[in-house]
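# Examining the three-dimensional arrangement
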Amino acid sequence: MDGSLTQPLLAVLSFVGATFLQGAASLRNDYIDHMRGLDRIHPKSGSRAIQKGWITARQVKNISWIFAFFGVLFGLPAVIQFPQLLIMIAALAVVALFGMSSYTMGLKYRRWSEVTVFLLLGPLLTVGFQIAGGAGLDYEVLLLGITTGWFAVFYLHLKNFEELV
């Protein structure tokens with residue numbers, strides 16, 4: 001295998017699916033922040049669409065479910081074509097379930113959220129996208145994933161530092 005994309009349509013579908021899943025996660029985060037009252041504490045955070053009355057919290061929640069459905073739908077062909085992606089999805093599910101179920105190590109706390117951001121926006125994203133495109137796995141993409149994951153965590157720390165200042 002020469003490392004080129006052998007399934008460009010599958011790569012495009014995977015990209016669209018990942019985009020929908022990112023949108024679903026962002027909308028769900030806005031909904032949860034609103035329901036917990038965090039938007040009142042941090043008036044400059046989030047999209048402020050719910051607070052401005054442009055959309056109701058229930059509509060945001062429902063749209064996030066629709067986006068999640070389409071994300072899974074567009075990603076399903078890649079999983080069917082390359083079942084090894086199920087290993088990465090299972091690893092992601094374990095990280096997400098542990099992060100959401102553990103109060104002391106939840107995703108809102110240091111270390112665990114950093115590990116999750118690193119994995120999601122780093123190696124799992126780059127390697128998963130390459131496999132979904134039919135190009136297989138190589139170390140260069142893994143190193144690219146480690147680099148992008150590190151930059152994502154660096155950005156997270158910059159945002160935290162901004163809150164401190």
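Summary of the structure given here. (Residues numbered from 1 in each chain as written. Predicted model: local features only at pLDDT ≥ 70, side-chain atom pairs only at ≥ 80, totals over all residues. Heavy atoms only, no water.)

Right, let's talk about the environment of Ala-132 for a bit. For Ala-132, the location among the structural elements is in helix H6 (residues 123-132). Counting along the chain gives 126 residues from Ala-132 to Thr-6, while the straight-line C-alpha distance between them is 9.5 Å. Other than its neighbours up to four places away in sequence, Ala-132 contacts Gln-7, Leu-10, Ala-11, Ser-14, Ala-78, Phe-82 and Leu-85. (Helix = DSSP H or I, 4+ residues; strand = E, 2+ residues; numbered from the N terminus. Contact = heavy atoms within 4.5 Å.)

Time to look at the nonpolar core. Ranked by size, the top nonpolar core spans ten residues in total: Leu-10, Ala-78, Val-79, Phe-82, Leu-85, Met-88, Val-127, Ile-131, Ala-132 and Val-141. No other element matches the three residues that H6 contributes to this core. (Core = buried A, V, L, I, M, F, W, Y, C linked by side-chain atoms within 4.5 Å. Buried < 20%, exposed > 50% of the residue type's maximum accessible area, 1.4 Å probe, protein only.)

Attention now goes to the side chain of Ser-14. In this fold, Ser-14 is placed in helix H1 (residues 8-36). Overall, Ser-14 belongs to the buried group, its relative accessible area being 13%. Within polar-contact distance, the side chain of Ser-14 engages the backbone oxygen of Leu-10 at 2.9 Å. Setting aside anything within four residues of it in sequence, one finds Ser-14 in contact with Phe-74, Ala-78, Phe-129 and Ala-132. (Polar contact = N/O pair within 3.5 Å; in protein donor to acceptor, adjacent residues only side chain to side chain.)

As a further point, take the packing of aromatic side chains. Under the defined criterion, the tally for this structure stands at six aromatic pairs. Residues Phe-20 and Phe-70 carry aromatic rings whose centres are separated by 5.6 Å and whose planes lie at 35° to one another, so their mutual orientation is tilted. On the criterion of sequence distance, the pair formed by Phe-20 in helix H1 and Phe-70 in helix H3 (residues 57-81) is long-range, its members being 50 residues apart. Where Phe-20 meets Phe-74, the ring centres are 5.8 Å apart and the plane angle is 5°; that geometry is what we call stacked. Within this pair, whereas Phe-20 is found in helix H1, its partner Phe-74 is found in helix H3, the two being separated by 54 residues in sequence. Classification of Phe-74 by relative accessible area gives partly exposed; the value is 26%. Linked through ring pairs, Phe-20, Phe-67, Phe-69, Phe-70 and Phe-74 together constitute an aromatic cluster. (Phe/Tyr/Trp six-rings, centres within 6.5 Å; stacked < 30°, edge-to-face > 60°.)

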